[in-house]
Amino acid sequence: MPKIVILWTDAAVWLMFAALLAYGWSVWRTPEKRQRWGRVFRDGGALASTIVLLLALGVTLLDSVHYRPLLPPAPGAAPGPAAYDTRTRSLLDAVLADLVDGRESTYSKPLAYLGFTKESVVVNGEVQRVAPRLQFGGAHLADPATQWLPDLVRRASLGLAAGAGVAAAAVLLLLAALARARGASLAVTWGAVRRRETPVPWHVAVVTLAVIGLVAGPATALSGPYHLLGTDLTGNDVLYQCLKSIRTAFVIGSLATLATLPLAVGLGLAAGYFRGWVDEAIQYLYTVLSSVPNVLLIAALVLMVQVFLDQHPELFETGAERADLKLFMLCIVLGLTGWATLARLLRAETLKLRELEYVQAATAFGIGHGRILARHVFPNVAHLMLIVTVLEFSSLVLYEAVLSYVGVGVDPSMNSFGGMINLARVEMSRDPMVWWSFASAFGFMVTLVLAANLFADGVRDAFDPRSRLFRARRRPVVQTRKA
Amino acid sequence: MLRFILRRIGYGALVLLGVNLLTFVLFFTVNTPDDMARLNLGGKRVSAEAIEKWKAERGYDKPLYLNTAEAGTRQLTETIFWERSVSLFMLDFGRADSESAGDIGAEVVQRMAVSLQLALPLFVLQLIASTAFALLLVMFRGTALDFWGVVACVLMLSISGLFYIIVGQVLFSRVLMLAPISGYAPGLDAVKFLMLPILLSLVARLGGEARLYRAMFLEEASKDYVRTARAKGLAEQVVLVRHVLRNALIPIITSAGSYLPYVFLGSLVFESFFGLPGLGAYVIEAIGKQDFAVVRTMVFVGSLLYIATYALIDIAYTWVDPRVRLA
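Residues numbered from 1 in each chain as written. Chains lettered and ligands numbered in written order. Predicted model: local features only at pLDDT ≥ 70, side-chain atom pairs only at ≥ 80, totals over all residues.

Some thoughts on the interface of chain A and chain B
Counting from both sides, the interface comprises 40 residues of chain A and, opposite them, 44 residues of chain B. Those elements that place two or more of their residues in the side of chain A that touches chain B are α10 (276-291), α11 (294-311), α15 (369-406), α16 (417-427) and α17 (436-463) of chain A. With 9 residues, the top contributor of residues to the side of chain A that touches chain B is α11(A). Within the side of chain A that touches chain B, the residues separate by chemical class into 32 nonpolar, 5 polar and 3 charged. (Contact = placed C-beta atoms within 7 Å. Helix = DSSP H or I, 4+ residues; strand = E, 2+ residues; numbered from the N terminus. Nonpolar A, V, L, I, M, F, W, Y, C, P; charged D, E, K, R; others polar.)

Written as structure tokens, this is what we have:
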């Protein structure tokens, strides 16, 4: 049995996932909330990005189950306590075992079978500079010069077919679910989706699934025997790094925003509701906090965390646990420094709400402050919290890259987009240029952030009707009213 | 009016006191001078004398908040907190923690000049470019140009600023050889070195700002007086430029004003990528060297600038928009 390791962020990720499921359940059960969220998905961009974000969430969850494999007992050793590997692995590592183990010695181009840097080799008594064969990439080819391209084409087309098959199955499942919900036959449902007659633009979902299938299929087929996106300086697969970085980005984006909520909600509501000196004190607090340039405050706090970790080596057993604790602390730091905006918004809204009749009625009935805040005020400002939370996600993912560059981001041993970009800076100035790490990090990061932004726009439009006024549309909206 | 200004400045000073306390707690209580000494001298095997000497050289050899060895007010004044706070408020920043670095004050003044050269033109150009682009989108409201313009904005704001820098450096400096990759020269030669960072920074922030300003324009354009202007038969351009633009400029300047502190502080990332010896690069170096004295000073200077900026914006508000209550 491997030893299951529960890292701090693992626990946080799974708790968040459970909370998400619970929220989803409550949305499903409450018609009002269900209608709101239905409106989110009426937006094609939001629907498509939800699918992308769910995929990223899947990767994150897989990468959040950590364990240390049991080492086989040394030959001839007396049976003692079980020894575990010092490296902590995750389920994702197990799934991607090919990528983890197929480590080259240094850079190689995407899909290459030869190394990127030439080495001196003695051929027929003469020293020649040749690019060596890769240890793993394309190692199955006997005569790469002639077999390489056909092999690529064959694998890619097989992968394409498989990807198309999986996508078709997913679409079929979706259609079946839709058909059941609409009480119509599969063919009728398909017709409605194709003619874009469904209120939720399911055709966008179909296209998104198809695109994902057609990209992921060949990618999976090629990433086994080759390095699809090449390898980096130490020979690690770039695709693997990108997939691992998704978790870091996701954890920072979600955990750091969640960490702002207790302070922002507590203090924002208190300031708006109690007014007077409480309000003054809280306003003073967040003015002080937002007066300090954000990066500097975070840098200062992270330096402190670093000193703290250096002084308490007993808190972690392995390097991975240390890196993880640092990531967790970084999220807390981001939460402690980032609550001012939301608190300000909530304060303003609460100031308005507390004057409304139903709150005054509740006061007149002698209901306590805590209960009024929880039952009557909070539910009416919750949409602000939701909008700000989803909007923050993408900016935090971008922020991580900057922080890592400044040197106060995640641990260098942890895969992150910031770390990849940081290395890319040197790689891009090499001659010939090493561009693939940079390009891959770019592709993954833009996809993730763009999806988060589109999703946030959808949520904002659904929960804040005013913002829909500013929506750009492809065609001018003609107001029609059905008779 | 005078009372308002005085009160605003008073509040600013109060906030600055809070910032000072916050940074002090962060930098001296969370990790003590002993820790800093050990970190700076390197390693765990540092003799107690070396630590004492290091602390004495930097004036860290006193109690933090309360000196019980002294009597009367000297209990409060003969402490690190008092001395550091007073010297910060007198803008006397002392020396850096690390051995090689010298006086912080001189360094800050010298570097601020460089940061200003980068950030001041950037600030003005940014305001013009983003406003112009947003206004263009609003003029073509409801057309394909508006739609794809907003799509471009969303795409642009989804790309990390670091990507713009790296791609820009490769494209303009290595491939096209139009500008030096990094470095700095004083005087007129600086233009050569500042061109590229300014351009890239402009592009990196355009997406987000143009989208924000567009929403502000549309908000303004949905007001009654705009409808009245249209009803009077004014041309669309006149309505937009003379009525909407002028009024929307108030929220736009407030939002752009939040960047003003960075005009002085410089952009952390851009300065260090382009090797410009400004304040931003100074901070990054200090973080790398774990020089807490420099980081602490920069936190103070940054907050001072921020507070001053916001006081100025508030005062400017009452002047631009007389309806703002002097509360």
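A short note on the environment of Arg460(A)
Residues and elements named next belong to chain A. Positionally, Arg460 belongs in helix α17. On the neighbour-count criterion, Arg460 (22 C-beta atoms within 10 Å) is buried. Distance from Arg460 to Leu391, taken between C-alpha atoms, is 8.5 Å for residues 69 residues apart in sequence. When sequence neighbours within four positions are dropped, the list of residues in contact with Arg460 reads Ile387, Leu391 and Ser467. (Buried ≥ 20, exposed ≤ 12 C-beta atoms within 10 Å, placed from the backbone.)

Here we look at the nonpolar core
If you look at the biggest cluster of nonpolar residues, it comprises 167 residues, and the most contacted ones within it are Ala299(A) and Val295(B). Here the element with the most residues in this core is helix α9 (residues 238-274) of chain A; it accounts for 20 residues. Setting aside residues no more than four positions away along its own chain, Val295(B) makes contact with Leu296(A), Ala299(A), Ala300(A), Val283(B), Ala286(B) and Ile287(B). Judged by nonpolar contacts, the second largest core, of 21 residues, contains Cys153(B), Leu206(B), Phe217(B) and Val244(B). (Core = buried A, V, L, I, M, F, W, Y, C linked by C-beta atoms within 7 Å.)

Side note on the pairing of strand β5 (residues 126-130) of chain A
Residue and element names in this part refer to chain A. Burial analysis of β5 places just 0 of its 5 residues in the buried class, which makes it a mostly uncovered element. Examined bridge by bridge, strand β4 (residues 119-123) and β5 share 5 bridges and lie antiparallel to one another. By the bridge assignment, Val121 is partnered in β5 with Gln128. Between the antiparallel neighbours β4 and β5 lie 2 residues, among them Asn124 with a positive phi of about 50°. (Pairing = 2+ DSSP bridges.)

Overview of the packing of α15(A) against α16(A)
Residue and element names in this part refer to chain A. Between α15 and α16, whose axes approach to 7 Å, the crossing angle comes to 55°. Classed by the angle they form, the pair α15 and α16 counts as oblique. Like other packed secondary-structure pairs, α15 and α16 cross with a definite hand, here right-handed. Residues Glu400, Ala401, Leu403, Ser404 and Tyr405 of α15 lie in contact with α16, whose contacting residues are Phe417, Gly418, Gly419, Ile421 and Asn422. Taken together, the residues of the contact of α15 with α16 break down into 5 nonpolar, 4 polar and 1 charged. (Axes fitted to C-alpha atoms, helices over the stretch in contact; angles between N-to-C directions. Parallel < 35°, antiparallel > 145°, perpendicular 65-115°, else oblique. Left-handed = near helix turned anticlockwise from the far one by under 90°.)

Quick look at helix α14 (residues 279-289) of chain B
Residue and element names in this part refer to chain B. Burial analysis of α14 places 8 of its 11 residues in the buried class, the great majority of the element. Turning to α14, its buried residues number three or more, namely Leu279, Gly280, Ala281, Tyr282, Val283, Ile284, Ala286 and Ile287. Once α14 finishes, Gln290 follows within two positions and takes phi at roughly 55°, a positive value.

Without other data, these values stay purely geometric and don't point to any function.
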